Amino acid sequence: MKVLPILLILIMFTGCSVDEVIRVGTPFGDNGTEGVKFHNEMKDSESIEALRKVIDKVKEIEKPEDLDKEPKIFFSLDIPKEGIAEIRLYVWYQDDGSSILYNDGSDSYFTLTKKQTKELKSILE
């Protein structure tokens, strides 16, 4: 009988993650048209929680002068039922293993360390 309350809690917890979706895509720019080609969606609570933990570690920086033309990847954490994108970030992976992130909504740049970037890659790939 003790298993039933635990199962109910797990079902409720798992059900909450369905409301959130991590969408991952590749940014492109073709003949003046820019966008993102999405290729992956994740709805599991472990990935969502892990992504939030990594994003909580970002450090805001000034706009870098020497970014590649196109970011390597784009991801968002969306709440589709509400039509909200809670997190929207473009990512440039750097040669030293770190990464630079850009939020076009706030026109802000951020950085992650090599270790944090590795964590981010493991979530998004």
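Refer to the preceding data block for the structure.
My aim in this report is to walk through the structure given alongside it, one point at a time.

The rules behind these values
Residues numbered from 1 in each chain as written. Predicted model: local features only at pLDDT ≥ 70, side-chain atom pairs only at ≥ 80, totals over all residues. Heavy atoms only, no water. Salt bridge = Lys/Arg side-chain N within 4 Å of Asp/Glu carboxyl O. Helix = DSSP H or I, 4+ residues; strand = E, 2+ residues; numbered from the N terminus. Buried < 20%, exposed > 50% of the residue type's maximum accessible area, 1.4 Å probe, protein only.

## A closer look at the pattern of salt bridges
Next, step 1: Throughout the structure, instances matching the rule amount to seven salt bridges.
Next, step 2: Arg52 is the partner of Glu20 in a salt bridge, and the nearest nitrogen-oxygen pair spans 2.3 Å. Taken together, the positions of Glu20 in the loop between helix 1 (3–17) and strand 1 (21–30) and Arg52 in helix 2 (residues 45–55) put the pair 32 residues apart, joining distant regions of the chain.
Next, step 3: According to the relative accessible area criterion, Arg52 is partly exposed, its value standing at 22%.
Next, step 4: A salt bridge links Arg88 to Asp104; its shortest N-O distance comes to 3.4 Å. Here Asp104 lies in the loop between strand 6 (99–103) and strand 7 (108–112) and Arg88 lies in strand 5 (residues 84–93), a separation of 16 residues in the sequence.
Next, step 5: On the basis of relative accessibility, which here comes to 33%, the residue Arg88 falls in the partly exposed class.
Next, step 6: Three or more residues joined by partner-sharing salt bridges are found here, namely Glu20, Arg52 and Glu86.

Taken by themselves, the reported measurements are silent on function.
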